[in-house]
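In case you want the letters, here they are:
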Amino acid sequence: MYPRAFHYHRAGSLKEAVSMLSQLGDDAKLLAGGQSLIPLMKLRFANPSHLVDLNFVSGISSIEEEKGTLRFGALTRHAEIEASSIAAKIPILHDCAAGIADVQVRNRGTIGGSLAEADPSGDWATVLMTLHTEVHCLGPRGERSVPVADFIKDAYTTVLTHDELVSQVVVETPPKGSGGAYLAFKRSAPVYPTASVAVQLTMEGDVVKDAAIALGCVGLTAIRAKDAAAALLGQRITDKTMSAAMEAASAAADPQTDMRGSAEYKRTLVGALAKRAIEIAVRRARGERVEAGHIYA
Ligand SMILES: Cc1cc2nc3c(=O)[nH]c(=O)nc-3n(C[C@H](O)[C@H](O)[C@H](O)COP(=O)(O)OP(=O)(O)OC[C@H]3O[C@@H](n4cnc5c(N)ncnc54)[C@H](O)[C@@H]3O)c2cc1C
C-alpha cells in the first residue's frame, strides 16, 4: 500500500529540525533510516502529515572517542557501528550492530531512530542498558541528557516531547577487566529476535566486581535483570552462581506467547542465553577474542 500523502521537509541542521517540529506540531515526524517509520506508513499505521528528513544534516553520522566515552551521532547507521574499529573497543556494541536484521536494514537504520522508536523487540536499548549510556535530547529549550533506562518509558514511548530529537548517544568506556556479550536468538536474519540477553561484567581476578544484565524482546521494554546481576556480584562463576543467575534472569522475563514461541519457551531461552552470554563476557574480560552475536534457529 502507498502511504497517505504528506509534506516533505529537509532539515539542514538539528536545530532547524527542532524548529520545524515546533512549528509543524505533533503531526510531524522525523525521518532517519526509515526502517521502522516507512513500513508503518505503508501499512497506514502511521500517518504523519509532515516528514522532517534528517538525512541531509551533516556531521550527525559519526563515531568519536572522547574522554573515556564513545559518542554516536543520532544518524549513525547500524552498519557503520558494525564496521567501526572504535565501536569494536566495546565488543557488545559490535555484537549488537552486526546482528540487526539484514545488510539492507543495517545500511539504513540508525541508532538514534532505533532508540526513539522504542520497539520492545529492538536490540539497542537492551545492550545500551548494560553500559553507562546517556541519550542526548535536543529541543527548543536546549539539550538534556537522559540515562537510557529512563529514556524509554514504555513500548513505543520515550521521554521525548514532540519537538525534541535524539542528537547523540554517549557510552562510557567500561573499565579495565570488563567484558560483555550480547546474544539474540532469531528465526532468521530479517526478523526481530525471539529473546535476547546482554551481559557486561567487570572481573577482579576470578571474582565478579560489577555486573549488569538486560533482557530483550521479553517485555514491553528492555528489562534490567537486577537479581541475576546480584547473583554474580562478589562471586566466582561456579555451577551454583551460574544456575542462580540463569534462574533469576528467567524469572525477570515477562514474555508474551506469540508467533515466535510460548511464554514458557522464551523464559527457558532467556536462561540459556544468559548462561552463554556470561561465559563469553568472562572470557572477554580476561582479554580473549571471542566471536559472539546473534544465534539463528
Ligand atoms: C525487516 C526489518 C527487520 C528489522 N529487524 C530488526 C532487528 O532485528 N533488531 C532491531 O533492533 N531493529 C530491527 N529493525 C528496525 C531497524 O533497526 C530500524 O533501523 C530502527 O528501528 C529505526 O531506525 P531508523 O533510523 O530506521 O528510524 P526511522 O524508521 O526513520 O524512525 C523511527 C521512529 O523514530 C523517530 N526518529 C528517528 N530518528 C530520530 C531522532 N534522531 N530523534 C527522535 N526521533 C527520531 C521517527 O520519527 C520515527 O517515529 C528491522 C527493520 C526491518 C525493516
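Rules used in this analysis
- Residues numbered from 1 in each chain as written.
- Predicted model: local features only at pLDDT ≥ 70, side-chain atom pairs only at ≥ 80, totals over all residues.
- Heavy atoms only, no water.
- Buried < 20%, exposed > 50% of the residue type's maximum accessible area, 1.4 Å probe, protein only.
- Helix = DSSP H or I, 4+ residues; strand = E, 2+ residues; numbered from the N terminus.
- Pairing = 2+ DSSP bridges.
- Contact = heavy atoms within 4.5 Å.
- Axes fitted to C-alpha atoms, helices over the stretch in contact; angles between N-to-C directions.
- Near = heavy atom within 4 Å.
- Polar contact = N/O pair within 3.5 Å; in protein donor to acceptor, adjacent residues only side chain to side chain.
- Areas by Shrake-Rupley, 256 points an atom, 1.4 Å probe, with all protein chains shown as cover.
- Nonpolar A, V, L, I, M, F, W, Y, C, P; charged D, E, K, R; others polar.
- Salt bridge = Lys/Arg side-chain N within 4 Å of Asp/Glu carboxyl O.
- Patch = residues over 30% accessible without salt bridge, like charges linked within 9 Å, V, L, I, M, F, W, Y side chains within 5 Å.

J.: Could you give me a rundown of helix H4 (residues 91-99), with the residues and numbers involved?
T.: What H4 keeps buried is the set Ile92, Leu93, Asp95, Cys96, Ala97 and Gly99. Among the residues trailing H4, Ala101 stands out with phi positive, at a value near 45°.

J.: An account of the sheet that holds strand E13 (residues 207-216) is needed here, citing residue identities and associated values.
T.: Across a sheet, paired strands are connected by hydrogen bonds in the backbone, their directions being either parallel or antiparallel. What the 5 strands build is an open sheet, ordered E14-E13-E12-E11-E15; its pairing is mixed. What marks the edges here is a single partner per strand, and that holds for strand E14 (223-224) and strand E15 (294-296). Inspection of the sheet shows strand E11 (residues 178-186) paired to strand E12 (residues 195-204) by 8 bridges, in the antiparallel sense. Considered in E12, the bridge of Ala184 is made with Ser196. Helix H11 (residues 263-285) contacts E11, E12, E13 and E15 of the sheet and is inclined by roughly 150° relative to E11.

J.: Lay out the site of the ligand with the relevant residues and their values.
T.: Close to the ligand lie 31 residues, the nearest being Leu30, Gly34, Gln35, Thr110 and Asp123. Within the side chain of Lys29, an N or O atom sits 3.5 Å from an oxygen atom of the ligand. In this structure, an oxygen atom belonging to the ligand sits 3.4 Å away from a side-chain N or O atom of Lys186. Alone, the ligand offers 970 Å² of accessible surface; in the complex the protein occludes 91% of this. At the level of secondary structure, the elements contributing two or more residues to the shell around the ligand comprise strand E2 (28-31), helix H6 (111-117) and strand E10 (165-172). Here the residues of the shell around the ligand sort into 17 nonpolar, 10 polar and 4 charged.

J.: If you had to explain the pattern of salt bridges to someone new, which residues and values would you point to?
T.: For the coordinates displayed, the defined rule picks out 7 salt bridges. The partner of Glu65 in a salt bridge is Lys89, and the shortest N-O contact between them spans 2.9 Å. Residue Glu65 is found in strand E4 (residues 63-66), and its partner Lys89 is found in the loop between helix H3 (78-83) and H4; the two are separated by 24 residues along the sequence. For Arg283, the salt bridge identified is with Glu288, shortest N-O distance 2.9 Å.

J.: A description of a nonpolar patch on the surface should follow, citing residues and the corresponding values.
T.: Together, Phe6, Tyr8 and Phe56 make up a nonpolar patch on the protein surface, roughly 300 Å² of accessible area in all. Tracing the backbone through its elements, the reader meets Tyr8 in strand E1 (residues 7-10). When its relative accessible area of 40% is taken as the criterion, Tyr8 is described as partly exposed.

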